[in-house]
Amino acid sequence: KTLGGLAGGAGALVVAALSGIADVDAVTISMARLGTGGIGLDTAVQAILIAVGVNTAAKAVMAGWVGGLRLGAYVGAASLVAIGAGGAASLVPLKFP
């Protein structure tokens, strides 16, 4: 919230990327609150998508680190599909009443 207030939407996106390495829940809650009046709904959605993408990639790397190259490749492939689907879904225009 502080960096988002100082640097605007760009700051929120940077914080989302850094926070997404470890956790997505806190970013999602923060962006849901800020999106309604602080940084704008579009930026909040982008921040959540960035956090989810970074978190998914981080978990794929962890799977490879702990489980070996083969497991990392399986998890990485599934993660790429999931990130691609999320990216495609984000392109669908939403209409709120």
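Up top is the structure.
Residues numbered from 1 in each chain as written. Predicted model: local features only at pLDDT ≥ 70, side-chain atom pairs only at ≥ 80, totals over all residues. Heavy atoms only, no water.

1. A few points about the nonpolar core
The following threshold applies: By convention a nonpolar core is built from buried Ala, Val, Leu, Ile, Met, Phe, Trp, Tyr and Cys residues, the set being connected through side-chain atoms within 4.5 Å. Remark: exposure states derive from per-residue accessible area (1.4 Å probe, protein chains only) relative to the maximum for the residue type, with buried under 20%, exposed over 50%, and partly exposed in between. Numbering of helices and strands runs from the N terminus; a helix is a DSSP stretch of H or I covering at least four residues, while a strand is a stretch of E covering at least two. Only heavy atoms enter the contact rule, under which two residues are in contact if any of them lie within 4.5 Å.
Judged by nonpolar contacts, A12, A16, V27, M31, L34, I39, A44, A47 and A51 together constitute the single largest core of nine residues. Every element with two or more residues in this core is listed here: α1 (2-20), α2 (25-34) and α3 (41-67). What A51 contacts, discounting residues up to four positions off in sequence, is A16, G20, V24 and V27.

2. Here we look at α3
Applicable threshold: By this rule the span expected of a helix is its residue count minus one, scaled by 1.5 Å.
Taking 1.5 Å per residue as the helical rise, α3 with its 27 residues ought to reach 39 Å, and the 38 Å between its terminal C-alpha atoms agrees with that figure. Of all the residues in α3, the buried ones are T43, A44, A47, A51, G53, N55, T56, A58, A60 and A63.

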